[in-house]
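Here is how the chains run, residue by residue.
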Amino acid sequence: MPDELLLLHEYFGHTAFRPSQQEVISHLLSGQDVLAVMPTGAGKSVCYQIPALMLEGVTLVISPLISLMKDQVTALRQNGIGAAYINSSLTREQSAEVLRRGAAGAYKLIYIAPERLETPSFQRFCQQISISMVTVDEAHCVSQWGHDFRPSYLQIARFVEGLAVRPVVSAFTATATRRVRQDIRSLLKLNRPHELVTSFNRSNLYFEVQRPEDKDEALLKLVRDRAGDSGIVYCLTRKNVEQVCALLCRHGVPATRYHAGLPTEERKKNQEDFLFDRRPVMVATNAFGMGIDKSNVNYVIHYNMPANMESYYQEAGRAGRDGSAADCILLYGPRDLRLIRYLIQNGDTREGAELTAEEREMLRRNRLRQLDQMERYCTGGGCLRERMLEYFGERLEEPCGNCSGCLAGYEDVDVTEEAQKLLSCVVRVERAGYRAGKALVYAVLQGKNTGAVSRLGLDRLSTFGLLKGLSDAHLDILTERLTERGMLLESGDSIPVLELTARAKPVLFGRQKLTVKRRKPAQPAHPALKSAADPVLLDRLKELRGRLGQRQSVPGFAIFSDAVLREICKRLPTTQKELRGISGLSTAKCDRYGEDVLAVVRAYLAEK
Ligand code: ADP
Ligand code: ZN
């Protein structure tokens, strides 16, 4: 067996490399720089951690996120690998201690924030030790075109050049755009790097879009159906987070919350409650997640739609990191679409302060285009995964069979009569001398005799109350369909006004039918993926890992991932030898926790 495979088995408990891992590792070991674009969950860490173990000296891992460094170091230590991090969360004494031990050869991997490269004490340290590799995690931070540009990433190239011997450099990112990749190559001064882009398809994730009349009800049902699982519910605004978290708690769901408006202390506490599964459901804005590396998130629900595919992919992708089946469900509502569009159009003026008016306009248009893509994902029908991967420039051979689009299919619903009523209402309001937007037209149709309706006397129109009982969401579907078919226009500068076009006539006069596609309700299936783990044993094992973790103040999933626990339930090992055959259990873990696990399994079997 080649050395790297032995190490993989001993330190990570896996029996085989994934093809992309093998590719990265062999290039690094041959001394060639690597630029790897790998989505979350693809197994990036192993790509540099195995070479780090095999190469002579120390590997420096540059990472922008403190929480991520901590998680990685915890995981490495659990597997019996010498690793440490230095960042602003340590005191001066603690950092000095790490440097001292590092100089004495205690670590194969040292994680640092990029700012550290500029400090004299660290630079001195680097002259004393031999650095075999520099790994740049989240390498897109070097590019201004990425999402989270970090100026200190620009120091990396100079730092590498300043070392007595140039180490091999490996760069990893999950951002796939060409421009960002180009920046990474040139700004990090990679030396003829080997490049690879792994597929963004994550087949263990089930994708679904729902368009509920009542989001709260839909959310409660989804969360209750998944009681005992860990999940994230993403909301667009802080206010949404507060409301949704309160809703869940009121109904007995152990939820907590996270957004930038909370005091640091509380954010930290809530995040830990979530990590340690004391409160396994997290309600959060998109401020939550960068750097959260919880492997046992079983579902991610979007209460509101994100502004672009990239964000959706990243956020939803926090589910199922350990390869277990997990659900990504988006609750679509046209209201969110309107709000995001409004925010883009009237955007944060501080944000583009350094841009010219022209550049700002370009940015705005780009964002609107991205929003359109997101809308198509939600409303377009067909295989969701196909649409998502299209965005990353990938093509699926055939529909995936593991999304609501594939499973449920669509049914055509005849809405001709409703459409006629809506169209004639628009005409009547216009004839009455007013230019009206959706809200007013809906109010007339729904027979709401309030505000502008009564003030303008629109309650006297013959279309008043014709569609009583239909919700705004329902009417939106109709309006969108009519707009899509070019029968209705939304025009006007500040407030969009509805207008009929000549194309509306055939429907209005009953010569043509209008249908909308409506999703049939879907049942998540992922048949092959959810293995038949007995929930009784699974719960006991979860309880065990919680207890083991608590003792060392590390989250349970850092000890055993859900995937590992499921595998144990399936294989029911009763000896150390059988235990060692389980993928994801390193030798160190079998030594430390093996007997505890075996005791739980044996007790379980004895009861049967
Ligand atoms: P990334 O950093 O790319 O998001 P990780 O390195 O956290 O991904 O790995 C994701 C998951 O895949 C982890 O649970 C890890 O244990 C698992 N994994 C990684 N490599 C392998 C492998 N060769 N065989 C089986 N599982 C693997
Ligand atoms: Zn599909």
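Residue numbers restart at each chain and count upward from 1, following the sequence in its written direction. In the order they appear in the text, chains get letters beginning with A and ligands get numbers beginning with 1. Residues qualify for local features only when their pLDDT is at least 70, as the model is predicted, and side-chain atom pairs are given and counted only at 80 or more; totals for whole chains, interfaces and linings, by contrast, use all residues. Excluded from the side-chain calculations are hydrogens and water; all other atoms, namely the structure's heavy atoms, are used.

## Some details on the domain arrangement of the protein
The figure often quoted for interface size is the accessible area lost as the parts come together. Test applied: Domain segmentation is taken from an automatic or database assignment of domains. Note on definitions: a residue-residue contact is assigned when non-hydrogen atoms from the two residues lie within 4.5 Å. By buried area we mean how much accessible surface two parts lose on assembly, using a 1.4 Å probe and totalling the loss over both. When a carboxyl oxygen of Asp or Glu is within 4 Å of a side-chain nitrogen of Lys or Arg, the pair counts as a salt bridge. By the criterion applied in these results, polar contacts are pairs of N or O atoms within 3.5 Å in which, for protein atoms, one can donate a hydrogen and the other can accept it, and in which residues neighboring in sequence qualify only through two side-chain atoms. Residue classes follow a fixed rule: Ala, Val, Leu, Ile, Met, Phe, Trp, Tyr, Cys and Pro count as nonpolar, while Asp, Glu, Lys and Arg count as charged, and any other residue, Gly among them, counts as polar.
If you check the domain split of the protein, you get domain 1 (3-197), domain 2 (205-408), domain 3 (412-519) and domain 4 (532-607). The C-alpha centroid of domain 4 is placed 31 Å from the C-alpha centroid of domain 2. With 12 residues of domain 2 at the contact, the number on the domain 4 side is 11 residues. Both sides together, the interface formed by domain 2 and domain 4 hides about 870 Å², and carbon and sulfur atoms give 48% of it. Summed over the three residues of domain 2 that lose the most area to domain 4, namely Phe276, Asn296 and Asp322, the buried surface amounts to 45% of that side. Across the pair Arg545 and Asp277 runs a salt bridge whose closest N-O atoms are separated by 4.0 Å. Here domain 2 is connected to domain 4 by 4 residue pairs in polar contact (both at pLDDT 80 or more). The residue inventory of the side of domain 2 that touches domain 4, partitioned by class, reads 2 nonpolar, 5 polar and 5 charged.

## Quick notes on the packing of helix α22 (residues 535-552) against helix α23 (residues 562-571)
What counts, and what does not: For every element, the axis is a line fit to its C-alpha atoms; helices are fit only across the contacting stretch, and the angle between N-to-C directions ranges from 0 to 180 degrees. What counts as a helix is a DSSP run of H or I of at least four residues, what counts as a strand is a run of E of at least two, and both are numbered from the N terminus. The cut-offs work like this: below 35 degrees is roughly parallel, past 145 is roughly antiparallel, 65 to 115 is roughly perpendicular, and the gaps in between are oblique. By convention the crossing between two helices is left-handed if the near helix lies anticlockwise of the far one by an angle smaller than a right angle, and right-handed if it lies clockwise.
Across the interface, α22 lies against α23 with an axial gap of 10 Å and an inter-helix angle of 135°. Accordingly, the angle class assigned to the pair α22 and α23 is oblique. Considering how the two elements wind past one another, α22 and α23 form a crossing that is right-handed. Residue-level contacts link Leu537, Leu538, Leu541, Lys542 and Arg545 of α22 to Asp562, Leu565, Arg566, Ile568 and Cys569 of α23.

## Observations regarding the sheet that holds strand β12 (residues 299-302)
Rules: Think of it this way: DSSP has to see at least two bridges between two strands before they count as a pair.
Taken in spatial order, the 6 strands make up an open sheet running β8-β13-β12-β9-β11-β10, and their pairing is parallel. In this open sheet, the two edge strands, each paired with only one partner strand, are β8 (205-210) and β10 (255-258). Across the sheet, the mean angle from the axis of one strand to that of its neighbour is 15°, orientation sign disregarded. Across 4 bridges, the pairing between strand β9 (residues 231-234) and β12 is parallel.

## Description of the coordination of the zinc ion (ligand 2)
As a reminder of what qualifies: Distances up to 2.8 Å from the metal define which N, O and S atoms are donors, and 3.2 Å serves for Na, K and Ca; water is absent from the atom set, so sites may look incomplete. Under this scheme a four-donor centre is tetrahedral when all angles range from 85 to 135 degrees, a four-donor centre is square planar and a six-donor centre octahedral when opposite donors are above 155 degrees with the rest from 65 to 115, and any other centre is irregular. The buried label goes to any residue with under 20% of its type's maximum accessible area, the exposed label to any with over 50%, and the partly exposed label to all in between, with areas taken from a 1.4 Å probe on protein chains only.
With distances of 2.3 to 2.4 Å, the protein atoms coordinating the zinc ion (ligand 2) are Cys383 (SG), Cys400 (SG), Cys403 (SG) and Cys406 (SG). Its 4 donor atoms give the zinc ion (ligand 2) angles of 103 to 119° at the centre, a pattern that matches the tetrahedral case. Here the donor residues for the zinc ion (ligand 2) map to a single chain with the spacing C-x16-C-x2-C-x2-C. Overall, Cys400 belongs to the partly exposed group, its relative accessible area being 24%.

## Brief notes about the environment of Thr135
Here Thr135 lies in strand β5 (residues 131-136). Along the backbone, Thr135 and Tyr391 are 256 residues apart, and their C-alpha atoms lie at a distance of 28 Å. Contacts of Thr135, omitting those with residues within four sequence positions, involve Tyr48, Thr59, Leu60, Val61, Ile62, Ser170 and Phe172. Of note is the side chain of Thr135, whose polar atom sits 2.9 Å from the side chain of Ser170.

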